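Understanding the architecture of this molecule
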Amino acid sequence: MKQIALYGKGGIGKSTTSANLSAALVNQGLSVMQIGCDPKRDSTRMLMKGVLIPTVLDLIRERGEQNLSLNDVVFTGYKGVRCVEAGGPEPGVGCAGRGIIATFQLLERLSAFDEDVIVYDVLGDVVCGGFAMPMRKGYAQEIYLVTSGELMSLYAANNICKAIARISQNVKQVCRLGGVICNSRNLPDEEQLVSAFASRVGSKIIAYIPRDGLVQHAELHNQTVIEYAPESDLAARYISLAQAIITNKDFIIPTPLEIEELENIARSYLPKIHQ
Ligand code: ADP
Ligand code: MG
C-alpha cells in the first residue's frame, strides 16, 4: 500500500489536484482511497458528483464512534474511488486538527486502510499536531507540496518542510518529501521560481499544472478534469503526475529556508519593473 499526502496553503489547489490524481490512479487500475484532511470538507466533492459527503467528525458527534461502520464513513465515488472527509469542529471551537486524529483512529478500528494507494489531502497552513498526523506513525511516508509562485504559498510550503524535517529527527518515523507540485497562478517565471525553491530545499518539481479554465468548467459539471475532459492537455498533466508519483524513487528530508532566504528567492524572480 502506497500512502501519499498533498500538503499546501488553503485555496492553492490541493483538492483539485488530489481528486484528479485519484481519478488518474483509478484509471490505471489501482484501488484508491482519498481522505480529505481539511475542515473545508470538499476534498472528494468532484469524485462524488458534487455531493459533500458527511464528515467523520460530524458522524462521531451525531452517533458516537462505537456506532459507526465502514459504510457510514467511506463513500464510493468515481470508478470506485473510496472517499472520506475528516471534517473539523464548529468555527471558533476546538482544535482544527482534531477531525484528522479522530478520523485516523476510527479508520484504523474499522480496518479501512486497505487500498493500493491512499491519497491524503491536507491543509498545510498550520502544521499542528492534527495536521501533522498523516506524516506521523507511518501513515503518509511520501509528502508532496502543492504551491504556486506566490510568496504566501511558498511560505506555507516551507513551513511544511520544517515539519517534515522535525518529524524525521525521530528515526522511527519515515516521512519524506517526494517533490513539489507547481499549481500555476500564471505569474511571470513562476515555474522557474518554484523550481528554485524546490532545489533550495533539496527537492524538485514533480509536475507543473497550468492555470486552466477547464478546471472551473469541470467543477460546474461536478466532475474532475479527468472525467470531464479526459483527452485534454490538462488531463494529460494529471495523468503524468500520477505516473510520476507511482514511479518516484526520489525521497528526501528537506532543508527548510530562513524567511529572508525565501523572500530573496521570490524577489529575484519579480519582473524587473517591480523591483
Ligand atoms: P485547496 O484544496 O488547496 O483549498 P482547491 O483545490 O479547492 O484548493 O482550489 C481552489 C480553487 O482554485 C478551486 O475552486 C479551483 O477552481 C481553482 N483551481 C485549482 N487549481 C486550478 C488550476 N490548475 N487551474 C484553474 N483553477 C484552479
Ligand atoms: Mg481543499
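Look up a bit, the structure's there.
If you're wondering where the values come from, they're calculated on a predicted model, not measured in any experiment.

Examining the site of ligand 1
Taken together, 17 residues are adjacent to ligand 1, and G11, K14, T16, K40 and Q216 come closest. In this structure, an oxygen atom belonging to ligand 1 sits 2.9 Å away from a main-chain N or O atom of G13. Compared with its free state, where it exposes 550 Å², ligand 1 has 88% of that area covered by protein. Most atoms of ligand 1, that is more than half of them, are within 2 Å of grid points of the largest pocket. When contributions to the shell around ligand 1 are tallied by element, the ones reaching two or more residues are α1 (14-27) and α8 (214-220). Split into classes, the residues belonging to the shell around ligand 1 amount to 4 nonpolar, 7 polar and 6 charged.

Some thoughts on the state of the cysteines
This model, assessed by the stated rule, comprises 0 disulfides. Looking at the unpaired C37, the closest cysteine sulfur is the one in C128, lying at 12 Å. Cysteine C128 shares no disulfide, and the gap to the nearest cysteine sulfur, in C95, comes to 4.5 Å.

Structural notes on the environment of I100
Here I100 lies in helix α4 (residues 98-109). Residues I100 and L52, 48 residues apart in the sequence, show an inter-C-alpha distance of 17 Å.

Re the nonpolar core
Within soluble globular proteins, side chains that are nonpolar tend to cluster in buried spots. Counting residues in each nonpolar core, the largest one holds 55 residues, and the members touching the most others are I35, V73, F113, Y120, M135 and I143. The leading source of residues in this core is helix α6 (residues 151-168), at 7 residues. Excluding residues that lie within four positions of it along the chain, I35 makes contacts with V84, T103, L107, F113, I118, V119, Y120 and D121. Membership of the second largest hydrophobic core comes to 36 residues, among which are L47, Y78, V119 and A229.

Section: a nonpolar patch on the surface
A cluster of nonpolar side chains, L151, M152 and Y155, forms an exposed patch at the surface whose accessible area comes to about 270 Å². Of note, M152 is situated in helix α6.

Details of the sheet that holds strand β2 (residues 32-37)
On the basis of which strands lie adjacent, the open sheet formed by 8 strands has the order β3-β4-β2-β5-β1-β6-β7-β8 and mixed pairing. What marks the edges here is a single partner per strand, and that holds for β3 (75-76) and β8 (205-209). Examined bridge by bridge, β3 and strand β4 (residues 82-85) share 2 bridges and lie antiparallel to one another. Considered in β4, the bridge of T76 is made with R82.

A closer look at the pattern of salt bridges
Considering all chains together, one arrives at 8 salt bridges under this definition. For R61, the salt bridge identified is with D58, shortest N-O distance 2.4 Å. Here R61 and its partner D58 are both found in helix α2 (residues 56-63), 3 residues apart, which amounts to about one turn of the helix. For R61, a relative accessible area of 41% puts it in the partly exposed group. The partly exposed category is assigned to D58, whose relative accessible area is 22%. Residues R82 and E115 are paired through a salt bridge, measuring 2.2 Å at the closest nitrogen-oxygen approach.

Definitions and limits used
Residues numbered from 1 in each chain as written. Chains lettered and ligands numbered in written order. Predicted model: local features only at pLDDT ≥ 70, side-chain atom pairs only at ≥ 80, totals over all residues. Heavy atoms only, no water. Near = heavy atom within 4 Å. Polar contact = N/O pair within 3.5 Å; in protein donor to acceptor, adjacent residues only side chain to side chain. Areas by Shrake-Rupley, 256 points an atom, 1.4 Å probe, with all protein chains shown as cover. 1 Å grid on protein atoms, 1.4 Å probe; cavity = no way out; pocket = protein on both sides within 12 Å on 5 of 7 lines; lining within 4 Å. Sits in = over half its atoms within 2 Å of the grid points. Helix = DSSP H or I, 4+ residues; strand = E, 2+ residues; numbered from the N terminus. Nonpolar A, V, L, I, M, F, W, Y, C, P; charged D, E, K, R; others polar. Disulfide = S-S within 2.5 Å. Core = buried A, V, L, I, M, F, W, Y, C linked by side-chain atoms within 4.5 Å. Buried < 20%, exposed > 50% of the residue type's maximum accessible area, 1.4 Å probe, protein only. Contact = heavy atoms within 4.5 Å. Patch = residues over 30% accessible without salt bridge, like charges linked within 9 Å, V, L, I, M, F, W, Y side chains within 5 Å. Salt bridge = Lys/Arg side-chain N within 4 Å of Asp/Glu carboxyl O. Pairing = 2+ DSSP bridges.

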